[in-house]
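# Summary of the model geometry
One-letter residues, chain by chain:
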Amino acid sequence: VFIPNLVTPNGDELNDYFAIQGIGDNWTVELFNRWGKRIYKNSNYQNEWNGIELSDGVYFFLITSPNETKCKGWVE
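Below, the structure is looked at part by part. (Residues numbered from 1 in each chain as written. Predicted model: local features only at pLDDT ≥ 70, side-chain atom pairs only at ≥ 80, totals over all residues. Heavy atoms only, no water.)

### Quick word on the environment of G11
Quick reminder of the rule: Per the convention used, a helix needs a DSSP run of H or I reaching at least four residues, while a strand needs a run of E reaching at least two, with both numbered from the N terminus.
Structurally, G11 can be placed in the segment before β1 (28-32). Sequence separation between G11 and D25 is 14 residues; the distance between their C-alpha atoms is 26 Å.

### Comments concerning the layout of surface pockets
Put simply, the rule reads: Buriedness for pockets is judged along seven lines, at least five of which must meet protein on both sides within 12 Å for an open set on the 1 Å grid over protein atoms alone, while cavities are sets there where a 1.4 Å probe fits but cannot get out, and lining residues have an atom within 4 Å of a point. Grid points are joined across faces, edges and corners, and a volume is the space filled by probe spheres set on the points. Just so you know the grouping, Ala, Val, Leu, Ile, Met, Phe, Trp, Tyr, Cys and Pro go in nonpolar, Asp, Glu, Lys and Arg go in charged, and all remaining residues, Gly too, go in polar.
Here the largest pocket is characterised by a volume of approximately 220 Å³. Taken together, 15 residues line the largest pocket, and the ones lying closest to its centre are V7, S55, D56, G57 and E76. When its residues are assigned to classes, the lining of the largest pocket shows eight nonpolar, five polar and two charged.

### Points about unusual backbone geometry
For residues besides glycine, phi is generally negative; the peptide bonds are generally trans as well. Quick note on the threshold: Relative accessibility under 20% of the residue-type maximum defines a buried residue, over 50% an exposed one, and the middle range a partly exposed one, all with a 1.4 Å probe and only protein chains included.
Positive phi, close to 70°, is recorded for N26, a residue that is not glycine. The residue N26 is located in the segment before β1 in this model. In this structure, E68 is a non-glycine residue whose phi angle is positive, near 75°. The topology assignment puts E68 in the loop between β3 (59-64) and β4 (70-75). Under the relative-accessibility criterion, E68 is labelled exposed at 55%.

So, in structure tokens, the structure goes:
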């Protein structure tokens, strides 16, 4: 699994989406702002989040696999 730490949704087709490599169906992705408020959740994530509606900054993620393994980190 590869999780990027940068999203630049500017339409140049480079890092436009939070594209996690190596995940399959039924992986849950949650994203939080710096105050801990959940701003996104999808329980069958398909690399569709781009953060275009949000301000520039650091956001935190929690990724949960179908067998409940969790991974957390940040994305800018």
